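Residues per chain are reported as follows:
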Amino acid sequence: MTVLLYACYGVDSAAWLTALRNELPEIEIRESLDRGSPSEIDFAFVWKYPPGLLRRLPNLRALFTLGAGVESILADPDLPEDVPLVRMVDPGLAIGMNEFVLMRVLHYHRDMPEHERSQSARQWVRRVPPLPQDRRVGILGLGKLGALCARTLANLGFDVAGWSRTHKSLDGIATFTGAEQLPALLKRSEILVCLLPLTPDTDGIINRETLAQLPRGAFVINVARGQHVVDTDLIEALDSGQIAGATLDAFRVEPLPAEHPFWAHPRITVLPHVAAITQVQTAARTLATNIRSILAGQPANHIVDLTRGY
Ligand code: NDP
Ligand code: OXD
């Protein structure tokens, strides 16, 4: 049994190898195709691999991603349709996203951008935030990450609503379903968090029309994909005061080009795709559990639905 680990772009391959070899001591793990024959590879763990890689693996039994979003792998013309594609669902990743969303929601809820502006002007201005029950947070996407963030915020007392493609029932959280209920979710979202997968249906979903449906002075936190946001529409909404601030962790082009207007916008916080990072230790365990399921004849967990796109 042989696994290929192919990861670049900020992934610590050495740490992954150590963790995977600890979790799967009975399995050979190769770091490249330079050794042995590619036809010996049964499973591949990949993230940001070079074009043509999958074409070279004729006997793959399952393909695992080291990250949660799979849109770039789905766009690979060499992706085999008959090999399960398994996305990353990792407790470490979820903890990171939960922390990040909570941090940015609290930042806006407690008026931190205004306090920071006051400090720059050496002004002592005391602002009284509303109670969390009077702060309406909307979460686009109620999957593994969105539902966790929604629960955390609701447990702190925020008035939380979430939006998904299929109906969800979550204790203490108002839920909205499908395109026809999106306006109702937007209308009540003073802080909007995007945790959707990137699909043809969600591409450009944060645009002039949807931003205009948020309450005036709302905040936007995009921790999903850059393509969810129409960049010029967001800047226009910020400049007009319709949107009071935005936290952006993902961009159409990454790294965000130095000349992009987001960098210098006074109401935008740019982060280099760090909201949540797959944690080697916990994720290696998840991968090992999944590999063992497959070897025992069980289906893997978290298989991507290729037609749905996530
Ligand atoms: P899931 O697949 O678990 O959840 C996706 C959610 O989005 C589901 O609730 C789904 O609805 C909903 N959804 C999908 N399409 C639509 C649609 N057309 N209309 C309404 N709702 C829709 O994904 P995760 O929670 O694991 O991850 C979400 C995204 O977060 C990833 O795809 C990735 O892009 C991003 N991410 C970003 C990271 C970062 O560091 N910035 C790190 C990790 C992930 P339903 O439940 O009905 O299927
Ligand atoms: C992602 C990830 O999908 O880093 O963005 O997992």
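The rules we used
All chains use their own residue numbering, which begins from 1 and follows the written sequence. Lettering of chains starts at A and numbering of ligands starts at 1, both following the order in which they are written. Per-residue local features are limited, in this predicted model, to residues with pLDDT of at least 70; the limit for side-chain atom pairs, both in listing and counting, is 80 or more; totals at the level of whole chains, interfaces and linings are taken over all residues. Only heavy atoms go into the side-chain values, all of them from the structure, while hydrogens and water stay out. The criterion for a residue being near a molecule or strand is simple. One of its heavy atoms has to lie within 4 Å of it. Polar contacts here mean pairs of N or O atoms no more than 3.5 Å apart (in protein, one a potential hydrogen donor and the other a potential acceptor; neighbouring residues in sequence count only if both atoms are side-chain atoms). Surface accessibility in these figures is a Shrake-Rupley result with a 1.4 Å probe; residues are shielded only by whichever protein chains are displayed. The nonpolar class holds Ala, Val, Leu, Ile, Met, Phe, Trp, Tyr, Cys and Pro. Asp, Glu, Lys and Arg form the charged class, and all remaining residues, Gly among them, are polar. Under the scheme applied here, a residue whose accessible area is under 20% of the maximum for its type counts as buried, over 50% as exposed, and between as partly exposed, the area being computed with a 1.4 Å probe on protein chains only. Secondary structure follows DSSP: runs of H or I at least 4 residues long count as helices, runs of E at least 2 residues long count as strands, and numbering of each begins at the N terminus. Any two residues whose heavy atoms approach within 4.5 Å at even a single point are treated as in contact. In this description, strands pair whenever DSSP reports at least two bridges between them. Note on method: axes are straight lines fitted to C-alpha atoms, helices fitted across the in-contact stretch only, with angles between N-to-C directions ranging 0 to 180 degrees. Note: domain ranges come from an automatic or database domain assignment. Throughout, the accessible surface (probe 1.4 Å) given up by two parts as they are put together, summed over both, is called the buried area. One side-chain nitrogen of Lys or Arg within 4 Å of one carboxyl oxygen of Asp or Glu is enough to make a salt bridge. The labels follow the angle: roughly parallel below 35 degrees, roughly antiparallel above 145, roughly perpendicular from 65 to 115, and oblique for the rest. Each crossing gets its handedness from the near helix: less than a right angle anticlockwise from the far helix is left-handed, clockwise is right-handed.

Caption draft 1: Main features of the site of ligand 2. Looking at ligand 2, the residues that line it are Trp47, Gly67, Ala68, Gly69, Arg225 and His273. Between an oxygen atom of ligand 2 and a main-chain N or O atom of Ala68, the distance comes to 2.7 Å. A distance of 2.7 Å separates an oxygen atom of ligand 2 from a polar atom in the backbone of Gly69. Protein chains bury 85% of the 210 Å² of accessible surface belonging to ligand 2 in isolation. Looking at the shell around ligand 2 residue by residue, the class counts come to two nonpolar, three polar and one charged.

Caption draft 2: Representation of helix H1 (residues 13–23) within the structure. Restricting attention to buried positions, one finds in H1 the residues Trp16, Leu17, Ala19 and Leu20. Taken together, the buried residues of H1 touch strand E1 (2–7), strand E2 (28–30), strand E3 (43–47) and helix H9 (280–295).

Caption draft 3: Fine view of the sheet that holds E1. Reading across from one edge, E2-E1-E3-E4-E5 is the order of the five strands in this open sheet, with parallel pairing throughout. Each edge of the open sheet is held by one strand with a lone partner, namely E2 and strand E5 (85–86). Here E1 pairs with E2 via three bridges, running parallel. Bridge assignment links Val3 to a residue of E2, and that residue is Ile29.

Caption draft 4: Broad picture of the environment of Pro129. The topology assignment puts Pro129 in the loop between helix H4 (112–120) and strand E6 (136–140). For the pair Pro129 and Asp111, spaced 18 residues apart in the sequence, the C-alpha separation amounts to 7.1 Å. Setting aside anything within four residues of it in sequence, one finds Pro129 in contact with His109 and Arg110.

Caption draft 5: Up close: the sheet that holds strand E8 (residues 174–177). Read from one edge of the open sheet, seven strands run E8-E7-E6-E9-E10-E11-E12, paired in parallel fashion. Every interior strand has two partners, whereas the edge strands, E8 and strand E12 (268–270), have only one. Within this sheet the neighbouring strands show an average axis-to-axis angle of 15°, counted without direction. Of the pairings in the sheet, the one linking strand E7 (residues 159–164) to E8 comprises four bridges and is parallel in character. Residue pairing for E8: Ser164 is matched across the bridge by Thr177. Sheet strands in contact with helix H6 (residues 178–187) are E6, E7, E8 and strand E9 (191–194), and its direction is about 140° off that of E8.

Caption draft 6: Broad picture of the domain arrangement of the protein chain. Once the domains are mapped, the protein chain shows domain 1 (3–89 + 278–295) and domain 2 (91–270). Here domain 1 and domain 2 have C-alpha centroids that lie 32 Å from each other. Taken together, the contacts link twelve residues of domain 1 with seven residues of domain 2. Between domain 1 and domain 2 lies a buried interface of about 790 Å² when both sides are counted; carbon and sulfur atoms form 61% of it. Across the contact surface, domain 1 and domain 2 share one salt bridge. With a closest N to O distance of 2.7 Å, Glu71 and Arg225 form a salt bridge.

Caption draft 7: Geometry of the site of ligand 1. Close to ligand 1 lie 28 residues; Arg87, Thr166, Lys168, Asp249 and Tyr310 are nearest. The contact in question runs from an oxygen atom of ligand 1 to an N or O atom on the backbone of Gly143, over 3.0 Å. For ligand 1, a nitrogen atom lies 3.0 Å from a polar atom in the backbone of Arg165. Listing elements by their share of the shell around ligand 1, those giving two or more residues are helix H5 (144–155) and E7. Tallying contributions element by element places H5 first for the shell around ligand 1, with three residues. Residues of the shell around ligand 1, tallied by class, amount to 13 nonpolar, eight polar and seven charged. Per-domain counts for the shell around ligand 1 show at least three residues from each of domain 1 (3–89 + 278–295) and domain 2 (91–270).

Caption draft 8: Up close: the packing of helix H3 (residues 91–109) against H5. As a packed pair, H3 and H5 sit with axes 9 Å apart at the nearest point and diverge in direction by 50°. Taken together, the axes of H3 and H5 are oblique relative to one another. With respect to the hand of their crossing, H3 and H5 are arranged in right-handed fashion. Residues Leu93, Ala94, Met97, Asn98, Val101, Leu102 and Val105 of H3 lie in contact with H5, whose contacting residues are Leu145, Leu148, Cys149, Thr152 and Leu153. In the contact of H3 with H5, the residues fall into ten nonpolar, two polar and no charged.

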